[in-house]
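# Secondary and tertiary structure notes
Each chain, written out:
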Protein chains: 2
Amino acid sequence: MAYDGTDYHGWQLQDNVKTIESELNAAINAITGEDIQVIGASRTDAGVHARGNRAVFDTSSAIPAENWPMALNSQLPEDIRVVSARETEPYWHPRKCATLKTYEYVLDCGRIADPIGARFAWHVPYKLDVDKMNEAAKVLLGEHDFTSFCSVKGTALSNVRTITDISVIKEESRVIQDNDRVVISVTGNGFLYNMVRIITGTLVEAGRGKKTAADIKEILDNKDRRRGAMTAPPQGLVLARIVDME
Amino acid sequence: MAYDGTDYHGWQLQDNVKTIESELNAAINAITGEDIQVIGASRTDAGVHARGNRAVFDTSSAIPAENWPMALNSQLPEDIRVVSARETEPYWHPRKCATLKTYEYVLDCGRIADPIGARFAWHVPYKLDVDKMNEAAKVLLGEHDFTSFCSVKGTALSNVRTITDISVIKEESRVIQDNDRVVISVTGNGFLYNMVRIITGTLVEAGRGKKTAADIKEILDNKDRRRGAMTAPPQGLVLARIVDME
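The paragraphs below set out a description of the structure included in this document.

What counts, and at which threshold
- Residues numbered from 1 in each chain as written.
- Chains lettered and ligands numbered in written order.
- Predicted model: local features only at pLDDT ≥ 70, side-chain atom pairs only at ≥ 80, totals over all residues.
- Heavy atoms only, no water.
- Buried < 20%, exposed > 50% of the residue type's maximum accessible area, 1.4 Å probe, protein only.
- Helix = DSSP H or I, 4+ residues; strand = E, 2+ residues; numbered from the N terminus.
- Arc of directions from axis to C-beta.
- Contact = heavy atoms within 4.5 Å.
- Polar contact = N/O pair within 3.5 Å; in protein donor to acceptor, adjacent residues only side chain to side chain.
- Buried area = accessible area lost by both parts, 1.4 Å probe.
- Salt bridge = Lys/Arg side-chain N within 4 Å of Asp/Glu carboxyl O.

### Points about helix α3 (residues 130-138) of chain B
All names here are of chain B. Regarding α3, the residues found buried are Val130, Met133, Ala136 and Ala137. Angular distribution of buried residues about the axis of α3 spans 120°; they occupy a single face of the element. Counted as exposed and oriented over 90 degrees from the buried face of α3: Asp131, Glu135 and Lys138. Buried residues belonging to α3 abut β6 (99-108), β9 (160-172), β10 (180-188), α4 (195-207) and α5 (213-222). One side-chain oxygen at the N-terminal end of α3 lies 3.0 Å from the backbone nitrogen of Asp131; it belongs to Asp129.

### Things to note about the interface of chain B and chain A
Each partner contributes to the interface: chain B provides 27 residues, whereas chain A provides 27 residues. In this assembly, chain B packs against chain A so that about 2,000 Å² is buried in total across both faces, 65% of it on carbon and sulfur atoms. Connecting chain B to chain A are 0 salt bridges. Here chain B is connected to chain A by 0 residue pairs in polar contact (both at pLDDT 80 or more). For the side of chain B that touches chain A, the elements supplying multiple residues, two or more each, are β1 (2-3), β3 (49-50), α2 (68-75) and β5 (80-81) of chain B.

### With respect to the side chain of B:Asn25
All names here are of chain B. Positionally, Asn25 belongs in helix α1 (residues 20-32). With a relative accessible area of 7%, Asn25 lands in the buried category. When residues no more than four places from it in sequence are discounted, the contact partners of Asn25 are Leu13, Ile36, Gln37 and Val38.

### Some thoughts on the pattern of salt bridges
Residues and elements named next belong to chain A. Tallied over the entire structure, the rule returns 24 salt bridges over all chains. The partner of Asp180 in a salt bridge is Lys127, and the shortest N-O contact between them spans 3.5 Å. Of this pair, Asp180 sits in strand β10 (residues 180-188) while Lys127 sits in the loop between β7 (122-123) and α3 (130-138), and the two are 53 residues apart along the sequence. Judged by relative accessible area, Asp180 falls into the buried class, the value being 15%.

Pasting the structure below:
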């Protein structure tokens with residue numbers, strides 16, 4: 001699935017608000033007449049977007065897998081699109097299988113915020129030093145306890161995760177001359193609550209020269225969220241893709 | 001100025017609706033206490049966007065030109081941003097000076113519409129032949145009477161305009177795999193009402209093999225709007241830039 005998360009209260013079902021999951025359940029149930037709840041791969045936060053999220057559901061419907069995208073898209077709001085579908089093994093669970101997820105975070109570093117990219121970027125009106133950001137990012141590579149990079153509201157049993165790839169690149173804005181866009185791309189086997197947004201807040205401080213790679217190593221080692229940087233806002237974040245590891 | 005035109009009834013002042021011009025006038029008048037109406041360079045239609053529109057106004061305010069962007073942006077809604085400002089010669093008129101305007105039109109040619117680019121593209125779910133589109137586009141290069149490419153609601157004294165550059169390129173979508181984006185870029189000394197959107201509708205037919213370059217030559221020569229193709233919807237169109245010719 002790809003979606004513009006701006007108008008949704010995130011993935012997960014909640015009372016009285018629109019979520020990606022509630023829209024998807026409603027679409028499936030309108031088609032099948034069954035009472036189905038999907039299981040999502042990535043439970044994106046309110047306002048976060050996706051280019052490649054996944055969900056699984058059981059149905060006794062005879063609709064072949066390849067026809068589901070069109071059937072669902074006819075029911076879903078236009079800002080949520082199912083891009084492809086396939087049949088899975090029974091009991092396959094999209095969060096209990098070995099996958100690598102890639103998130104991207106877009107920073108608009110112009111003095112004046114680009115109004116055309118505003119739904120999908122965080123406006124940070126500073127010249128960021130991308131080399132320093134990459135140096136700081138390298139500290140986070142590999143297996144670590146990411147407690148310092150997890151919201152205190154996180155409820156995971158373990159805060160150990162592995163980041164397999166992290167990079168920061170600078171692009172020219174196509175909208176406002178001399179505005180830079182900085183894109184942080186993080187790949188790993190799983191992410192804690194707000195983890196990519198806290199990593200982003202931290203790398204922005206590195207890019208502004210307010211934190212060094214050594215500071216970030218210390219924050220990581222401290223395993224204390226209070227030592228970390230601010231949580232970046234949701235609209236710059238997109239779940240870019242999920243890749244199976246087997 | 002750059003703006004996301006989605007929520008506006010176009011550039012031009014109209015009763016009881018939000019337009020780019022009305023927002024800009026209100027911002028200037030809030031700052032100066034004067035009763036100023038701007039003159040815009042490109043009176044974009046409802047739903048059309050801009051990366052580089054211009055406007056001029058007379059004021060007795062002592063605010064230096066370089067401070068106007070920040071002053072105006074503090075008053076304007078976030079989807080309209082003033083990017084730069086300068087003092088002009090007296091009586092300079094942004095539509096009566098020699099400029100080249102470039103418009104871009106973005107087509108989303110995926111089978112499934114990209115929900116993340118949807119505000120800024122027209123979903124045309126066909127494989128378009130970009131070579132055929134470029135061949136057809138060449139017919140429009142140069143000075144012509146573009147009556148066949150002007151809305152019947154157009155009120156220009158002459159329908160003769162010059163297109164100095166027109167090209168069609170294909171890009172990969174960054175959102176949905178295998179979705180192509182096709183971008184039509186048109187530069188000229190001025191454009192008639194709906195002209196770029198009618199050119200786009202026509203080039204899409206060329207890309208689908210429904211019209212040849214010879215057909216388009218005939219449409220142009222006929223000087224009859226009824227012979228042309230449909231007007232493409234506004235949301236794919238952006239005024240990319242205006243360049244002074246002197």
